[in-house]
Amino acid sequence: MSTTGQIIRCKAAVAWEAGKPLVMEEVEVAPPQKHEVRIKILFTSLCHTDVYFWEAKGQTPLFPRIFGHEAGGIVESVGEGVTDLAPGDHVLPIFTGECGDCPHCHSVESNMCDLLRINTERGGMIHDGESRFSIDGKPIYHFVGTSTFSEYTVIHSGQVAKINPDAPLDKVCIVSCGLSTGLGATLNVAKPKKGQSVAIFGLGAVGLAAAEGARIAGASRIIGVDLSSKRFDEAKKFGVTEFVNPKDHDKPVQEVIAEMTDGGVDRSVECTGSVQAMIQAFECVHDGWGVAVLVGVPSKDDAFKTHPMNFLNERTLKGTFFGNYKPKTDIPGVVEMYMNKELEIEKFITHTVPFSEINKAFDYMLKGEGIRCIITMGA
């Protein structure tokens, strides 16, 4: 392309300070360096993680910053040493990576790459620590190595999944974070057998994706647990068959579920980050074969407390990161599940806004409206 090796000037939604509306700015995007690619972002989406760090709740605040990590785009140019991607490739940027060389990447069991595992503190690129974004010569920081709230972005090639060019990017862009996290927690980690029962704790986007995984696996009962009863109607579209609101009961919810299921569910997936929900999700699975999977991220001072007999009675507790999917190896296969009509993506998408109105997406999420809002970059 004619822009190869050149600085590109484009629009980006910049967060200048915590909790303040993003501002549309013209930024300069430098060419990709060693092991990097520059991508034209066509569609992006807002994830709760963007909002959490925009509000500066979980880290040392780093501003000005370009957020965004759920997206789809086309490779514009590649840096030195990149051999598996080329200009024109359709890709999904991923907030975590796969270097291909570390013990985790060589393991069939792990997706927690030593080099490219999610890092929310880093504001520059791994190669040299510098940002590829600037305004008037001053750096604008990256976010989780992706920064997709920009018409062009630079990403380490290990964080870029090449996908089927026929896949609609305005749909499959949401595969790059929340959907895969929930879907994989069920399909890759909980692994319910056909006809088994599954409890899903938390019916936000990740929990609904976990429910979709249970539906695909052929679960006979999918029990949704949430403190908001208004979420149940939406959850039915994702295969949820029954609903429990802990506030409606005067006994622990794990006891309620055990009574509903003759001793407990076969599998449970926790998607809230509440340590209380984590304990409930573990204690509600059946003894002998029950498996509970933790997805939500707890507060740093939380402690998980349960009686050791719950383990001795042959219940299993597991944790998962990004649904146990390796970004480059496995995510193209999730896109193929959609292309083969196994995975339903459209029902996750409840709003669409033009890039110029990106702050509306934040409003929807802060009000708890909808599941995913697609942001159209060219609009």
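Fair warning: this is a prediction, and the values are worked out from it, not measured in the lab. (Residues numbered from 1 in each chain as written. Predicted model: local features only at pLDDT ≥ 70, side-chain atom pairs only at ≥ 80, totals over all residues. Heavy atoms only, no water.)

**A word on the overall build of the protein**
Short version of the rule: Helix and strand definitions here come from DSSP, where helices need a minimum of 4 consecutive H or I residues and strands a minimum of 2 consecutive E residues; each element is numbered from the N-terminal end. Atoms counted for the radius of gyration: C-alpha only. Globule rule: 2.2 Å times residue count to the power 0.38. For every residue, the accessible area (1.4 Å probe, protein chains only) is compared with the maximum for its type, and the residue is labelled buried under 20%, exposed over 50%, or partly exposed between those bounds. A contact between two residues is defined here by any heavy atoms of the two lying within 4.5 Å. Per-residue and other accessible areas follow the Shrake-Rupley method at a 1.4 Å probe size, with only the shown protein chains counted as cover for residues. Under the convention used here, Asp and Glu are negative, Lys and Arg are positive, and both His and the chain ends fall outside the count. To locate a charge, the coordinates of NZ of Lys, CZ of Arg, CG of Asp or CD of Glu are taken.
Check the secondary structure of the protein and you find 11 helices and 17 strands. Radius of gyration (C-alpha) of the protein: 21 Å, near the 21 Å computed for a compact globule of 379 residues. Dimensions along the principal axes, computed over C-alpha positions, put the protein at roughly 65 × 40 × 40 Å. Looking at the protein as a whole, 54% of its 379 residues are labelled buried. Looking at the protein alone, contacts between residues at least 24 apart form 69% of all its contacts between residues at least 6 apart. On the protein, roughly 15,900 Å² of surface is accessible, and the fraction owed to carbon and sulfur atoms is 50%. Side-chain charges in the protein split into 37 positive and 48 negative, and the spacing between the mean points of these groups amounts to 1 Å.

**Observations regarding the pattern of salt bridges**
Where we set the bar: We define a salt bridge as a contact between a side-chain nitrogen of Lys or Arg and a carboxyl oxygen of Asp or Glu at a distance within 4 Å.
Counted under the stated rule, the structure contains 21 salt bridges. With its nearest N and O atoms 2.9 Å apart, the salt bridge here joins Arg9 to Glu28. Here Arg9, found in strand S1 (residues 8–14), pairs with Glu28, found in strand S2 (residues 23–29); they are 19 residues apart in sequence, far enough to count as distant. In this structure Arg9 comes out as exposed when scored by relative accessible area, which is 53%. With relative accessibility at 23%, the residue Glu28 sits in the partly exposed group. With its nearest N and O atoms 3.1 Å apart, the salt bridge here joins Asp128 to Arg132. The buried category is assigned to Arg132, whose relative accessible area is 5%.

**Things to note about the layout of surface pockets**
Under the convention used in this document: Throughout, the protein atoms alone are placed on a 1 Å grid, and a set of points is a cavity if a 1.4 Å probe fits but cannot get out or a pocket if it is open with protein on both sides within 12 Å along at least five of seven lines; lining residues have an atom within 4 Å of a point. Grid points are joined across faces, edges and corners, and a volume is the space filled by probe spheres set on the points. Just so you know the grouping, Ala, Val, Leu, Ile, Met, Phe, Trp, Tyr, Cys and Pro go in nonpolar, Asp, Glu, Lys and Arg go in charged, and all remaining residues, Gly too, go in polar.
By volume, the second largest pocket amounts to about 250 Å³. Taken together, 13 residues line the second largest pocket, and the ones lying closest to its centre are Asp226, Leu227, Thr272, Ser274 and Ala277. Counting residues per element, the lining of the second largest pocket draws most heavily on helix H8 (residues 275–283), at 3 residues. Here the residues of the lining of the second largest pocket are counted per class, giving 5 nonpolar, 6 polar and 2 charged.

**So, the domain arrangement of the protein**
Threshold: Residue ranges for the domains originate in an automatic or database domain assignment. When two parts are put together, the accessible area they lose, computed with a 1.4 Å probe and summed over both, is reported as buried area. Whenever a nitrogen or oxygen atom comes within 3.5 Å of another N or O atom, the pair is scored as a polar contact, on the condition that within protein one atom can donate a hydrogen and the other can accept it, and that pairs from neighbouring residues in sequence are kept only if both atoms are in side chains.
According to the domain assignment, the protein consists of domain 1 (8–174 + 345–376) and domain 2 (181–320). Relative placement of domain 1 and domain 2: their C-alpha centres are 30 Å apart. Contact residues are listed per partner, giving 4 residues for domain 1 and 8 residues for domain 2. Together, the buried faces of domain 1 and domain 2 total about 610 Å²; carbon and sulfur atoms form 68% of this surface. If you sort the residues of domain 1 by the area they bury against domain 2, Lys347, Phe348 and Ile371 come out on top, with a joint share of 78%. Inspection of the region where domain 1 meets domain 2 yields 1 salt bridge. Close ionic contact of Lys347 with Glu212 constitutes a salt bridge, the shortest N to O distance being 2.7 Å. The interface formed by domain 1 and domain 2 holds 2 residue pairs in polar contact (both at pLDDT 80 or more) in total.

**So, the packing of helix H4 (residues 178–190) against helix H10 (residues 327–339)**
Heads up, the condition is: What counts as an axis is a line fitted to C-alpha atoms, over the stretch in contact for a helix, and the angles between N-to-C directions run from 0 to 180 degrees. Roughly parallel means an angle under 35 degrees; roughly antiparallel, over 145; roughly perpendicular, 65 to 115; everything else is oblique.
At a minimum axis distance of 12 Å, the contact between H4 and H10 shows a crossing angle of 90°. Classed by the angle they form, the pair H4 and H10 counts as roughly perpendicular. Every residue of H10 that contacts H4 at Ser180, Leu183 and Leu187 is listed here: Ile331, Val334 and Met337. For the contact of H4 with H10, the residue count by class is 5 nonpolar, 1 polar and no charged.

**Section: the environment of Arg9**
In the structure, Arg9 is positioned 299 residues away from Pro308 in sequence and 58 Å away in space, judged by C-alpha atoms. Apart from the residues within four sequence positions on either side, Arg9 is in contact with Glu26, Val27 and Glu28. Polar contacts involving the side chain of Arg9 include one to the side chain of Glu28, which spans 2.9 Å.

**Observations regarding the pairing of strand S8 (residues 152–156)**
Here is the rule we go by: Being paired, for any two strands, means DSSP has found at least two bridges between them.
The buried fraction of S8 is high, at 5 of 5 residues. By the alternation rule, side chains of S8 split into Tyr152, Val154 and His156 and Thr153 and Ile155, which are all buried. For strand S3 (residues 36–45) and S8, the ladder comprises 5 bridges, and the chain directions are antiparallel. If you follow Glu36 over to S8, its bridge partner there is His156.

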